[in-house]
There are 2 protein chains.
Amino acid sequence: MFKNTLEQIVTYEAGKPIELVMREYGIKQEDVIKLGSNENPYGASPLVIESLQNNAYKASLYPDDSMYELKDALALHFNVTPKQIIIGAGSDQIIEFCMQALNHHNAQVLMAKTTFAMYEVYAKLAGVEISKTQSDGHILEEFLELYQKVKSQKNISAIFLCVPNNPLGECLDSNAIEKLIKAVDKETLVIVDGAYQEFAAYKDKRKAINPQYFIEQFDNVIYLGTFSKAYGLGGMRVGYGVASERIISMLYKVRPPFNVTTLSLQSAFVALRDQAFMRQCVEKNAIEMARYEAFAHKMGFTFIPSYGNFITFSHKEIESTHLCEWLLQKGVIVRNLRSYGLNAFRITIGKTEQNTRVFELIEQYLQTHR
Amino acid sequence: MFKNTLEQIVTYEAGKPIELVMREYGIKQEDVIKLGSNENPYGASPLVIESLQNNAYKASLYPDDSMYELKDALALHFNVTPKQIIIGAGSDQIIEFCMQALNHHNAQVLMAKTTFAMYEVYAKLAGVEISKTQSDGHILEEFLELYQKVKSQKNISAIFLCVPNNPLGECLDSNAIEKLIKAVDKETLVIVDGAYQEFAAYKDKRKAINPQYFIEQFDNVIYLGTFSKAYGLGGMRVGYGVASERIISMLYKVRPPFNVTTLSLQSAFVALRDQAFMRQCVEKNAIEMARYEAFAHKMGFTFIPSYGNFITFSHKEIESTHLCEWLLQKGVIVRNLRSYGLNAFRITIGKTEQNTRVFELIEQYLQTHR
């Protein structure tokens, strides 16, 4: 009845909700510090929350499937046309569209060894082979070498670049991305995932990607953005792709109608208008990030300077799984990177008081477990 | 770069939002009567709206991807286990999962000539051929004949049954569905789409489908339900499938993580608990439906008795496209069925005063245009 290829697909299985785990540990929900999913610790913009409350009655009304309001606003924001934009249920869904629409005949997709887990999930669902760079993060030269190596035997349908890279935090310069695009075949789609771009662009102008500049020059690149991070709408599932009209029109063919909810479209529209809130979040993130770096130096943690709203720590005397479990029992959720094959853990940069508590706990752990 | 098969796919393109059209006609939004999309005219349950307002702050928090709360509630509601349930962004998404997961090798899918348009959209996306019955609606004998005819040359990966059928309104009896399932190969998935079941079950017990009964007996059937209609959550995009653990586990393999928003899960959970609200909507629908039938008799419209929250009218002296355009200019949105090849139009059963206005206008149209 079902495709044989499904047998090889491992179901992406969500664990028990962390809230339940906490309840079992006897920790009250209000005492939980959730720094495991790179959610915005400052929440959504107050204007978004107000708009959600005022528009709750629209729950019964189907979404405007043309999405013209949000597309117009994004077009204005990025100085492109609405026909160069597609909106998805999270930028994940745009990744899915790309994987579904691309011709993977005799092809592979390329990605960094340690990068956003969903690239692999959607590539496998599309049944395409994956090649990864040797180093964990993004290194331009490694991508170029890998490209040449695979190219000699296979087509390359897509290259995933996560800039900045989740979960490690490093970020290719915009001109490195341009070099890569120029070096690859015009039939290879370069997927530039800027989920955390707002944080990177604030920290270092060289990391700032201008989608309009890229799509004007190249007809084989798509820029992905999301409202889940700096805009604080992780629960609403809204992301977008910016690319040439040709690419967008092909992705539209695999888009299911009504793929974004009425209130999600509305919330993203309001969030995009509240640039002041977004900027405040990004600024506060930078201040708190500096505290994490200082803490790492003080306590002997190794870290890669991060251009996102998270930081990945490792410590040769610490087993990350043990530390993460211990923190969980204290009510702090961070992301263990064991599933990526790393003895490391990723912490979302929280609010000042949350971070202070994290520092206290980790220090306590180090004193007692090393 | 893209698959050749995409060339044949016609993009499902949403027209200009009707609100914009209305604005161009100079009609204020509050004067528009929207009876084109089978939305619940009574909106969402007041408890849902309250819960949305109280939980708006959760917009920044990722959904619980295990969806255990809603799955538990649905399991209890249908007397099945959570492992026999999958939740989608509308029941549309479950249709998409089925089309993606099934083995369509040398296969066709079967459906009624005139039925829910999304079956064809998702079948075409999956690249599978479609065969349709000769008559517009669902006739058991025609399905059995078509099955035998196709079966002699091809596999049949799935059969779509829309009970009640959108956009026509007729509904197979539950025991006719059982006969069909018993007559087909165990490798054919029978997709029983009960999007409007709450209305049908209230009107006539013979139409009521018990998913638990079906999935206990048959390992090749999936029941689809939605929160978009009787539960009034059209904008939130929540539907579900009920089937054997085997089928659900295969569909889970093609499910994208976080496919339903945080507030959608929450709203569906609250909506399911407010059975009283749902029942009131269904009861009012039946009362207003009787008015539409009386109106049809009085004015000479032909209609099929409807088991949903809509009714399809035709009239040999009326061109449906002309009438629908005329109604639009008066601020009333109904669904022209010209795109289905029918000279007919579908009206969502609205509130008393809305329906009264529709009757007045159609009567006025008949007096002036016939």
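Each value, and the rule that gives it
- Position numbers for residues count from 1 along each chain, tracking the sequence in the order it is written.
- Just so you know, chain letters begin at A and ligand numbers begin at 1, following the order they were written in.
- Local features in a predicted model are, by the rule used here, given only for residues with pLDDT of at least 70; side-chain atom pairs are given and counted only at 80 or more, and totals for whole chains, interfaces and linings are based on all residues.
- Calculated side-chain values reflect all of the structure's heavy atoms, with hydrogen atoms and water omitted.
- UniProt positions are given in the numbering used here, feature names are shortened, and annotations may be inferred rather than shown by experiment.
- Each helix corresponds to a stretch of at least 4 residues labelled H or I by DSSP, and each strand to a stretch of at least 2 residues labelled E; elements are numbered beginning at the N terminus.
- In this description the radius of gyration comes from C-alpha coordinates, and the expected globular size is given by 2.2 Å times residues to the power 0.38.
- Only protein chains enter the accessibility calculation, which uses a 1.4 Å probe; a residue is then buried when its area is under 20% of its type maximum, exposed when over 50%, and partly exposed in between.
- Accessible surface area values rest on a Shrake-Rupley calculation with a 1.4 Å probe, where residue burial reflects the displayed protein chains alone.
- Charged residues are defined here as Lys and Arg on the positive side and Asp and Glu on the negative side; His and the ends of the chain fall outside this count.
- Each charge is placed at NZ for Lys, CZ for Arg, CG for Asp and CD for Glu.
- Boundaries between domains were set according to an automatic or database domain assignment.
- By definition in these notes, contact holds between two residues if any of their heavy atoms fall within 4.5 Å.
- Here the buried area means the combined drop in accessible surface, using a 1.4 Å probe, for two parts upon being joined, counting both sides.
- Salt bridges are defined as contacts in which a side-chain nitrogen from Lys or Arg sits within 4 Å of a carboxyl oxygen from Asp or Glu.
- Throughout this description, a polar contact denotes any pair of N or O atoms lying within 3.5 Å of each other; where both atoms belong to protein, one of them has to be capable of donating a hydrogen while the other can accept it, and for residues adjacent in sequence the pair is counted only when both atoms sit in side chains.
- Note on terminology: pairs of cysteine sulfur atoms within 2.5 Å are recorded as disulfides.
- Interaxial angle, 0 to 180 degrees, is taken between N-to-C directions of lines fitted to C-alpha atoms, where a helix line uses only the stretch in contact.
- Just so you know how the angles are binned, under 35 degrees is roughly parallel, over 145 roughly antiparallel, 65 to 115 roughly perpendicular, and the rest oblique.
- What makes a crossing left-handed is the near helix being turned counterclockwise from the far one by less than a right angle; a clockwise turn instead makes it right-handed.
- A cavity, in this analysis, means grid points on a 1 Å lattice covering only the protein atoms where a 1.4 Å probe fits yet has no way out; a pocket is instead an open set bounded by protein on both sides within 12 Å along at least five of seven lines, and a residue lines either one if it has an atom within 4 Å of a point.
- Grid points are joined across faces, edges and corners, and a volume is the space filled by probe spheres set on the points.
- Amino acid classes used here: Ala, Val, Leu, Ile, Met, Phe, Trp, Tyr, Cys and Pro are nonpolar; Asp, Glu, Lys and Arg are charged; the rest, including Gly, are polar.
- When DSSP locates at least two bridges between a pair of strands, those strands are taken to pair.
- What the arc covers is the set of directions going from the helix axis to the C-beta atoms.
- Planes of paired rings set the category: under 30 degrees apart is stacked, over 60 is edge-to-face and the rest tilted, where pairs are Phe, Tyr or Trp rings (Trp by its six-membered ring) whose centres lie within 6.5 Å.
- Definition used: whenever NZ (Lys) or CZ (Arg) falls within 6 Å of the ring centre and also within 35 degrees of the ring normal, the charge is taken to sit over that ring.

The name given to chain A in an unreviewed UniProt entry is Histidinol-phosphate aminotransferase, with Helicobacter japonicus as the source organism. Turning to chain A, the UniProt record has this under Subunit (unreviewed entry): "Homodimer." Per its UniProt entry, chain A bears the Pathway (unreviewed entry) comment "Amino-acid biosynthesis; L-histidine biosynthesis; L-histidine from 5-phospho-alpha-D-ribose 1-diphosphate: step 7/9."

Q: Run through the overall build of chain A, naming residues and quoting values.
A: If you tally the helices and strands in chain A, you get 14 helices and 13 strands. Taking 370 residues into account, the globule formula puts the C-alpha radius of gyration at 21 Å, and chain A, at 21 Å, falls close to it. Expressed along its principal axes, the backbone C-alpha trace of chain A runs to roughly 60 × 55 × 50 Å. When each of the 370 residues of chain A is scored for burial, the buried share is 62%. Of the roughly 14,600 Å² of accessible surface on chain A, 49% is carried by carbon and sulfur atoms. Within chain A, the 41 negative side-chain charges are centred at a point lying 1 Å from the centre of the 39 positive side-chain charges.

Q: Tell me about the domain arrangement of chain A, and please be specific about residues and values.
A: Frequently, the measure chosen for interface size is the accessible area removed from exposure when the parts meet. Residues and elements named next belong to chain A. The domains assigned to chain A are domain 1 (4-44 + 276-369) and domain 2 (46-274). Placing the centre of domain 1 and that of domain 2 at their C-alpha centroids yields a distance of 24 Å. Every contact between the two is made by 28 residues of domain 1 and, on the other side, 33 residues of domain 2. Between domain 1 and domain 2 the total buried area reaches about 2,600 Å² when both faces are included, carbon and sulfur atoms providing 67% of it. Taken together, the connections running from domain 1 to domain 2 amount to 1 salt bridge. Between Glu-293 and Lys-203 there is a salt bridge, with the nearest N and O atoms lying 3.9 Å from each other. Our count for the contact surface shared by domain 1 and domain 2 stands at 13 residue pairs in polar contact (both at pLDDT 80 or more). Element by element, the count of residues in the side of domain 1 that touches domain 2 is highest for helix α12 (residues 275-299), at 9 residues.

Q: Can you break down the UniProt feature "modified residue: N6-(pyridoxal phosphate)lysine" (unreviewed entry) in chain A residue by residue, with the values?
A: Within this structure's numbering, the places UniProt gives as "modified residue: N6-(pyridoxal phosphate)lysine" (unreviewed entry) are Lys-229 of chain A. Mapped onto the secondary structure, Lys-229 of chain A falls in the loop between β7 (221-226) and β8 (239-242). Dropping the residues within four chain positions of it, Lys-229 of chain A is found in contact with Ser-37, Asn-38, Asn-40, Ala-195, Tyr-196 and Phe-199 of chain A together with Tyr-62 of chain B.

Q: Account for the state of the cysteines, with residues named and values stated.
A: All names here are of chain B. If you walk through the whole model with that rule in mind, you get 0 disulfides over all chains. Unpaired in terms of disulfides, Cys-171 finds its nearest cysteine sulfur in Cys-162, a separation of 8.8 Å. Residue classification places Cys-171 among the buried residues on the basis of a relative accessible area of 9%.

Q: Residue-level account of the side chain of Asn-220 of chain B, with values.
A: Mapped onto the elements of the fold, Asn-220 of chain B is located in the loop between α9 (211-217) and β7 (221-226). From its side chain, Asn-220 of chain B meets the backbone oxygen of Asp-185 of chain B in a polar contact 3.3 Å long. A polar atom in the side chain of Asn-220 of chain B sits 3.0 Å from the backbone oxygen of Thr-188 of chain B. Dropping the residues within four chain positions of it, Asn-220 of chain B is found in contact with Met-1 of chain A together with Ile-181, Val-184, Asp-185, Lys-186, Thr-188, Leu-189, Val-190 and Ile-247 of chain B.

Q: An account of the packing of helix α3 (residues 68-78) of chain A against helix α11 (residues 262-273) of chain A is needed here, citing residue identities and associated values.
A: When two helices pack together, you describe them by how their axes are tilted relative to each other and by the distance separating the axes. All names here are of chain A. Look at α3 against α11: their axes get within 9 Å of each other, and the N-to-C directions meet at 25°. Taken together, the axes of α3 and α11 lie roughly parallel to each other. Considering how the two elements wind past one another, α3 and α11 form a crossing that is left-handed. Listed contacts from α11 to Glu-69, Leu-70, Ala-73, Leu-74 and His-77 of α3 are Leu-265, Ala-268, Phe-269 and Leu-272.

Q: So what about empty space enclosed by the protein? Which residues, and what values?
A: Following the criterion strictly, the structure yields 5 cavities of 30 Å³ or more and no others. Within this model, the largest cavity holds a volume of roughly 220 Å³. Taken together, 27 residues make up the lining of the largest cavity; nearest its centre are Ala-89 and Asn-259 of chain A together with Ala-89, Gln-93 and Asn-259 of chain B. At the level of secondary structure, the elements contributing two or more residues to the lining of the largest cavity comprise α4 (91-101) of chain A together with α4 (91-101) of chain B. Along the lines of polarity and charge, the residues of the lining of the largest cavity split into 14 nonpolar, 7 polar and 6 charged. The volume enclosed by the second largest cavity comes to roughly 60 Å³. In terms of lining, the second largest cavity is formed by Gln-93, Glu-96, Phe-97, Gln-100, Val-254 and Pro-256 of chain A together with Gln-93, Glu-96, Phe-97 and Pro-256 of chain B. The set of elements that each furnish at least two residues to the lining of the second largest cavity consists of α4 of chain A together with α4 of chain B. Per-element accounting of the lining of the second largest cavity gives the leading share, 4 residues, to α4 of chain A. Taken together, the residues of the lining of the second largest cavity break down into 5 nonpolar, 3 polar and 2 charged.

Q: Explain the interface of chain A and chain B residue by residue, including any values.
A: Each partner contributes to the interface: chain A provides 72 residues, whereas chain B provides 72 residues. Here chain A and chain B share an interface that buries about 6,200 Å² over both sides, 62% of which is from carbon and sulfur atoms. For the chain A face of the interface with chain B, the top three residues by lost area are Met-1, Phe-2 and Tyr-62 of chain A, together amounting to 15%. The tally of links between chain A and chain B comes to 0 salt bridges. Counting across the interface, chain A meets chain B through 27 residue pairs in polar contact (both at pLDDT 80 or more). It is helix α10 (residues 245-253) of chain A that provides the largest number of residues to the side of chain A that touches chain B, a total of 7 residues. Of the residues in the side of chain A that touches chain B, the class split is 36 nonpolar, 20 polar and 16 charged.

Q: Give me the lowdown on the pairing of strand β4 (residues 129-132) of chain A, citing residues and values where you can.
A: Sheet topology places strand β3 (residues 107-111) of chain A next to β4 of chain A; 4 bridges connect them, and they run parallel. In the sheet register, Met-111 of chain A faces β4 of chain A, and the bridge partner there is Lys-132 of chain A.

Q: Give me helix α2 (residues 46-55) of chain B: which residues, what numbers.
A: Residues and elements named next belong to chain B. Regarding α2, the residues found buried are Val-48, Ser-51, Leu-52 and Asn-55. One side of α2 holds all its buried residues, which, seen down the axis, span an arc of 105°. Exposed residues lying more than 90 degrees from the buried face of α2 are Pro-46 and Asn-54.

Q: So what's going on with the pattern of salt bridges? Which residues, and what values?
A: Oppositely charged side chains can pair when the atoms bearing their charge come close. Under the defined criterion, the tally for this structure stands at 34 salt bridges over all chains. Of the charged contacts in the structure, one is a salt bridge between Lys-182 of chain A and Glu-178 of chain A, with a shortest N-O distance of 3.2 Å. Within this pair, Lys-182 of chain A and its partner Glu-178 of chain A are both found in helix α7 (residues 174-183), separated by 4 residues, close to a single helical turn. A salt bridge links Glu-319 of chain B to Arg-338 of chain B, with the nearest nitrogen and oxygen atoms 2.7 Å apart. One end of the pair, Glu-319 of chain B, is in the loop between β10 (310-314) and α13 (320-329); the other, Arg-338 of chain B, is in the loop between β12 (335-336) and β13 (345-348), and 19 residues separate them in sequence.

Q: Could you give me a rundown of the packing of aromatic side chains, with the residues and numbers involved?
A: What the rule picks out here adds up to 38 aromatic pairs over all chains. An angle of 25° between the planes, with centres 4.9 Å apart, marks the rings of Phe-301 of chain A and Phe-313 of chain A as stacked. A residue pair is termed long-range when its members are at least 10 positions apart, and Phe-301 of chain A in the loop between α12 and β9 (302-303) and Phe-313 of chain A in strand β10 (residues 310-314) qualify at 12 residues. Looking at Phe-313 of chain A, the relative accessible area reads 0%, which means it is buried. Cluster of aromatic residues (ring-pair linked, three or more members): Tyr-292, Phe-295, Phe-301, Phe-303, Phe-313, Phe-345 and Phe-359 of chain A. Geometry around Tyr-307 of chain B places Lys-203 of chain B over its ring, the cationic atom sitting 4.6 Å from the centre. Its end group placed over the ring of Phe-310 of chain B, Arg-346 of chain B keeps NZ or CZ at 5.8 Å from the ring centre.

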